[in-house]
Amino acid sequence: MRPMMRTLAEQVDPRHTALLVIDMQNDFLTPGFGAERAGRDLGPARHVIPAIARLLAGARGAGVAVAHVGFWTLPDHGSDSDTWLWKRETATVSSPHLCIADTPGAAFIDELAPASGEWQVRKHRYSAFTATNLDLLLRARDIRTLVITGVSTNACVETTFRAGFELGYAVVVPPDGCASWNAALHEASLENVRHRFGVTPNVDEILSHWTQ
């Protein structure tokens, strides 16, 4: 068995850490696109863009692996089961028509655009691991820790940190690096991290270990 990583410094060591940037796409963050048209307040999500941008810059400078994970809905609901489509139609401030493949709404926002060589992972469900190649990519780089950022904390971020933990990864979720349209759900997800899945240091704490 490998030595247990008990401290944040050990967990976020750039040699075995990956930064996941989840669903930072036009349909979720850009005015006039899908989520806003569905009635969602974009303020909380847009508020974390600068913090994630700082983490992204720090990751690039320290050699941390980076994965941009994006929602990807096939046209004519080609990726939607009946139960998935029903719940998407009835979900709070959401829509079954978000992030349609190869449309501007599915593109990553300019402020956090992927750099050459960074992974781009497309998913059809909330978790970044469901039916994607993310786990294979991470294991090929001997990644042990996931720093998980993006939107929404209580949906795609939470399903990803749960799945990552179950697969054996250490989980790090910075509260100021993720957001939800619902503050109570955001806080509840962070409490889940603290109690059962990992740790919740802020962005500056993580960066302090990537800039030494």
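Everything discussed here concerns the structure shown above.
Each value, and the rule that gives it
Residues numbered from 1 in each chain as written. Predicted model: local features only at pLDDT ≥ 70, side-chain atom pairs only at ≥ 80, totals over all residues. Heavy atoms only, no water. Phe/Tyr/Trp six-rings, centres within 6.5 Å; stacked < 30°, edge-to-face > 60°. Helix = DSSP H or I, 4+ residues; strand = E, 2+ residues; numbered from the N terminus. Buried < 20%, exposed > 50% of the residue type's maximum accessible area, 1.4 Å probe, protein only. Salt bridge = Lys/Arg side-chain N within 4 Å of Asp/Glu carboxyl O. Pairing = 2+ DSSP bridges. Axes fitted to C-alpha atoms, helices over the stretch in contact; angles between N-to-C directions. Parallel < 35°, antiparallel > 145°, perpendicular 65-115°, else oblique. Contact = heavy atoms within 4.5 Å. Nonpolar A, V, L, I, M, F, W, Y, C, P; charged D, E, K, R; others polar.

A.B. asks: I'm lost on the packing of aromatic side chains in this one. Help?
C.D. replies: Given two aromatic rings, their pairing is described by the distance between the two centres and the angle made by the two planes. Enumeration according to the criterion identifies six aromatic pairs in this entry. Centre to centre, the rings of F165 and F197 are 5.5 Å apart; their planes meet at 85°, and the pair counts as edge-to-face. Of this pair, F165 sits in helix α8 (residues 153-166) while F197 sits in helix α9 (residues 183-197), and the two are 32 residues apart along the sequence. Exposure remark for F165: the relative accessible area of 35% places this residue in the partly exposed category. One aromatic cluster is present, formed by F28, F71, W84 and Y126 through successive ring pairs.

A.B. asks: Explain the pattern of salt bridges to me, please; I cannot follow it from the model alone.
C.D. replies: Any two side chains of opposite charge can pair, so long as their charged atoms come close to each other. The final tally for this structure, using the stated rule, is nine salt bridges. R54 is the partner of D204 in a salt bridge, and the nearest nitrogen-oxygen pair spans 2.3 Å. Taken together, the residues D204 in helix α10 (residues 203-210) and R54 in helix α5 (residues 49-62) connect sequence positions 150 residues apart. Of the residues examined, D204 reaches a relative accessible area of 47% and is grouped as partly exposed. Under the relative-accessibility criterion, R54 is labelled partly exposed at 40%. Between D135 and R139 there is a salt bridge, and its shortest N-O distance comes to 3.0 Å. Placement of both D135 and R139 in helix α7 (residues 134-140) is noted, with a separation of four residues, approximately one turn of the helix. We classify D135 as partly exposed; its relative accessible area is 21%.

A.B. asks: How do you make sense of the pairing of strand β1 (residues 17-22) when you look at a structure like this?
C.D. replies: Where burial is concerned, most of β1 is hidden: six out of the six residues are buried. Because side chains alternate across β1, one face comprises the buried residues T17, L19 and V21, and the other comprises A18, L20 and I22, equally buried. Relative to strand β2 (residues 65-71), β1 runs parallel, the two being bridged by five bridges. Within β2, the position partnered with L19 by the bridge is V66.

A.B. asks: Whenever I open this one, the packing of α8 against α9 confuses me. Can you help?
C.D. replies: For any two helices packed against each other, the geometry comes down to the angle between their axes and how far apart the axes lie. Packing of α8 against α9 leaves a shortest axis separation of 10 Å and a crossing angle of 10°. The angle between α8 and α9 falls in the class roughly parallel. Contact residues: α8 offers T153, N154, E158, F161, R162 and F165, while α9 offers L185, H186, S189, N192, V193, R196 and F197. Each residue belonging to the contact of α8 with α9 can be placed in one class, and the counts come to five nonpolar, five polar and three charged.

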